[in-house]
Amino acid sequence: MSLRLTVVAFALVSQLTGLAASGALAQEPPPADATPGAYGTTAVPLGAIDPAAAPGYRLQVVELTWEPGAYATRHFHPTALITCVQEGSLGFLLQHGAASLTRGGTADAPGEPEPIPLDDTVILAPRDCLTFDEFSTHMEHTGWNAGDGNLVLWEARLVDPEQPFTTYVNDLGTPVP
């Protein structure tokens, strides 16, 4: 390989690496006119229990994998939930209600929960977690894979097994089919 070709290849790789690090290659949220639903996601239940302390509810842990370009349009869950990023980047937009974000910390300096502002996009990285409790305040949000590779999440969910886990809504919060 000639020196010139090596230099050009190095420059191209450096530029792409810089774009990826800056987020310029990151995925965008779903378009406003996207058909309601989740696309490019799979869920694998890892464990569940019907806790005696919460009769009628199930505590479950689920691993979610989102392909590049995957997203879930505006929706809500009738649950208390903790979602933690294991791999990749999660784009999250809180559109109604309240949720908290805890940035990954260490054993010596754990992250502190912070409220997520309404209509402000946040990007979660590995070890970052978001939490909300639908039982205390109704919360609607949109999520997407904000990176170029797979996104892997672990969720702890306290669910009513008699209720659908996800309800998609329009921009007024009205459920849609």
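What counts and what doesn't
Every residue gets a number counted from 1 within its own chain, in the order that chain's sequence is written. Owing to the predicted nature of the model, reporting of local features is limited to residues with pLDDT of at least 70; listing and counting of side-chain atom pairs is limited to 80 or more, with chain, interface and lining totals taken over all residues. Only hydrogens and water are removed before side-chain values are computed, so all heavy atoms of the structure are retained for them. Take the buried Ala, Val, Leu, Ile, Met, Phe, Trp, Tyr and Cys residues and link them wherever side-chain atoms come within 4.5 Å; each set so joined is a nonpolar core. Only protein chains enter the calculation, and the probe is 1.4 Å; a residue is then buried if its accessible area is under 20% of its type maximum, exposed if over 50%, and partly exposed in between. Strands here are runs of E lasting at least two residues and helices are runs of H or I lasting at least four, both read from the DSSP assignment and numbered beginning at the N terminus. By definition, residues are in contact when any of their heavy atoms lie within 4.5 Å. The working definition used for a salt bridge is a side-chain nitrogen of Lys or Arg within 4 Å of a carboxyl oxygen of Asp or Glu. Pairs of N or O atoms within 3.5 Å make up the polar contacts considered here, provided that, within protein, one atom can donate a hydrogen while the other can accept it, and that residues adjacent in sequence are counted only when both atoms are side-chain atoms.

Asks: It is not clear to me how the nonpolar core should be interpreted in this structure. Could you clarify?
Replies: The nonpolar side chains of a soluble globular protein tend to be buried, and buried together. In this structure, Trp 66, Leu 90, Phe 92, Ile 116, Leu 124, Leu 130 and Leu 153 are the most contacted members of the largest nonpolar core, which totals 20 residues. Listed by contribution, the elements that provide at least two residues to this core are β2 (58-76), β3 (79-87), β4 (90-96), β7 (121-124), β8 (129-133) and β10 (151-159). Top element by residues in this core is β2. It accounts for five residues. Apart from residues no more than four positions distant in its own chain, Leu 124 is found in contact with Val 85, Gly 88, Ser 89, Leu 90, Phe 92, Leu 101, Arg 103, Cys 129 and Leu 130. By size, the runner-up hydrophobic cluster in this structure holds five residues, among which are Tyr 71, Leu 93, Trp 144 and Ala 146.

Asks: What should I look at first to understand the pattern of salt bridges in this one?
Replies: A pair can form between side chains of opposite charge whenever their charged atoms are brought close. Under the defined criterion, the tally for this structure stands at four salt bridges. Between Arg 74 and Glu 140 there is a salt bridge, and its shortest N-O distance comes to 2.8 Å. Of this pair, Arg 74 sits in strand β2 while Glu 140 is found in strand β9 (residues 140-145), placing the two residues 66 residues apart along the sequence. Given a relative accessible area of 16%, Arg 74 falls into the buried group. We classify Glu 140 as buried; its relative accessible area is 4%.

Asks: Just to check I follow, could you spell out the side chain of Thr 142 for this structure?
Replies: You can see Thr 142 is positioned in strand β9. Of the polar contacts made by the side chain of Thr 142, one reaches the backbone nitrogen of Arg 74; its length is 3.4 Å. A distance of 2.9 Å separates the side chain of Thr 142 from the side chain of Gln 95, its partner in a polar contact. When residues no more than four places from it in sequence are discounted, the contact partners of Thr 142 are Pro 30, Ala 72, Thr 73, Arg 74, Gly 91, Phe 92, Leu 93 and Gln 95.

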